[in-house]
Structure formats: structure tokens, C-alpha cells
Amino acid sequence: MDVLEAIKGRRSVRRFCQDDVPGGLILELLTAASMAPSAHNRQPWEFLVTTDPAKRRLLAGRTYARHLEQAPVAIVASLRGVSRRSRMAQRMVWLGLQDVSAAIENLMLAAHALGLGTCWIGDFDEVVVREAFKIPADRMPVAVIALGWPDGTPKAPKRKPVEDILVWESYPTPAGG
């Protein structure tokens, strides 16, 4: 599968088969994630993988993603080295969030190319995630990714036309301005 085909075909999967995902495939996905671009090549991402049904059930109960309980694997993507003491540190957090997001997208596209399904869950209870996995204070959970073999093919969501999201060169001057 080429990259454009993967981008156009990837869907958020919310129904999973209960078949296990082999550890070797999970490592392959994390390798793809680690190849993402990163500001200053800091590579500030970290991925916590769980197959524990009790932890997935706990996470599912504290998010808007009830399907997380059904997914055989949950991955918590975090930003490492978080410090909010200085203006520069805040800038590094901002850059780090972009880096982690790029790594997550690589992981999800690789999963799709291997026939796996994923769903990026950003609406979660950070306190519950931190407590369930004993996440240190210098890490910031960014997303939880549901992972497994899809049970069916989700319908393609409607997308805005490119013309509605494109600006060439600069924004137009407001009328009367």
C-alpha cells in the first residue's frame, strides 16, 4: 500500500475483533512512530502499551470512547520531559505536542497498512490515565490509541473540500481595511 492510499483509506475504528495483536506487529508500529519528524530531533515521545482488560475497561469508563474496552490493545502516547517553569519550556512543550502527534499519525498509518485498526482518543481523564499507569510528572499523556483487528470497515467520513481549507500566499485584506 502506498502512502497516499494509506492516508485516504485510514479510518477511525470503533469495532474490533478479539484476536490478539502479536507483539512483533506492535513493535513494528512503534518503529514507524519513532521515524516521525521532531523539532530539534528531540524525539520526545513515549508509548505505553497495555493489553490488560481491566485497565482498558477503566480507561473506557473515563473517556467518550467506550470502544476502548473492546480493543485488544491500548497505547498511551505521552510527551516526555515536560517542564512549565520557563517561557522556553512552554515552547518546547508546544513543539513536543506536534512531535508526538506526528508520531501517532505514523503509527496509525502503519497500522492501517498492516490491516489493523486504530482510533485516536484525545478526550480522556488525565488523572485516571496517570494513576492507572503510574505516569511520572515529567510526562504528559497526549492521546490513547485503541488498536486491534477491525470488525468491519467504517464508512468514510465527510471531508471539507480542499478549496474550503486553502489559502494561497496570504489572507485577503478585510473590506474597508
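The shown structure was predicted, so the numbers you read here are calculated from the model rather than taken from an experiment. (Residues numbered from 1 in each chain as written. Predicted model: local features only at pLDDT ≥ 70, side-chain atom pairs only at ≥ 80, totals over all residues. Heavy atoms only, no water.)

Draft legend 1. Layout of the overall build of the protein. The helix and strand inventory of the protein stands at five helices and four strands. Ordering the α and β elements of the protein from the N terminus gives α-α-β-α-β-α-β-α-β. A principal-axis box enclosing the C-alpha atoms of the protein has dimensions of 60 × 45 × 30 Å. Classification of the 177 residues of the protein by burial places 39% in the buried group. (Helix = DSSP H or I, 4+ residues; strand = E, 2+ residues; numbered from the N terminus. Buried < 20%, exposed > 50% of the residue type's maximum accessible area, 1.4 Å probe, protein only.)

Draft legend 2. Region of the structure containing unusual backbone geometry. Backbone geometry places Lys-134, a non-glycine residue, at a positive phi of 55°. Mapping Lys-134 onto the fold places it in the loop between α5 (126-133) and β4 (139-148). A positive phi is found at Glu-169, a non-glycine position, where the angle reads about 70°. Residue placement: Glu-169 occurs in the segment after β4.

Draft legend 3. Structural context of the sheet that holds strand β2 (residues 73-80). Taken in spatial order, the four strands make up an open sheet running β1-β2-β4-β3, and their pairing is antiparallel. Two strands lie at the open edges of the sheet, namely β1 (45-50) and β3 (117-121), each paired on one side alone. For this sheet, the mean angle separating the axes of adjacent strands, direction not counted, is 25°. Sheet strands in contact with helix α2 (residues 23-34) are β1, β2 and β4, and its direction is about 165° off that of β1. The sheet strands contacting α5 are β1, β2 and β4, and the helix crosses β4 at an angle near 80°. (Pairing = 2+ DSSP bridges. Axes fitted to C-alpha atoms, helices over the stretch in contact; angles between N-to-C directions. Contact = heavy atoms within 4.5 Å.)

Draft legend 4. Expanded view of the layout of surface pockets. The space that makes up the largest pocket amounts to roughly 240 Å³. Lining the largest pocket are Ile-7, Lys-8, Arg-10, Arg-11, Ser-12, Arg-14, Glu-105, Pro-154, Lys-155, Ala-156, Pro-157 and Arg-159. (1 Å grid on protein atoms, 1.4 Å probe; cavity = no way out; pocket = protein on both sides within 12 Å on 5 of 7 lines; lining within 4 Å. Points joined across faces, edges and corners; volume = space filled by probe spheres on them.)

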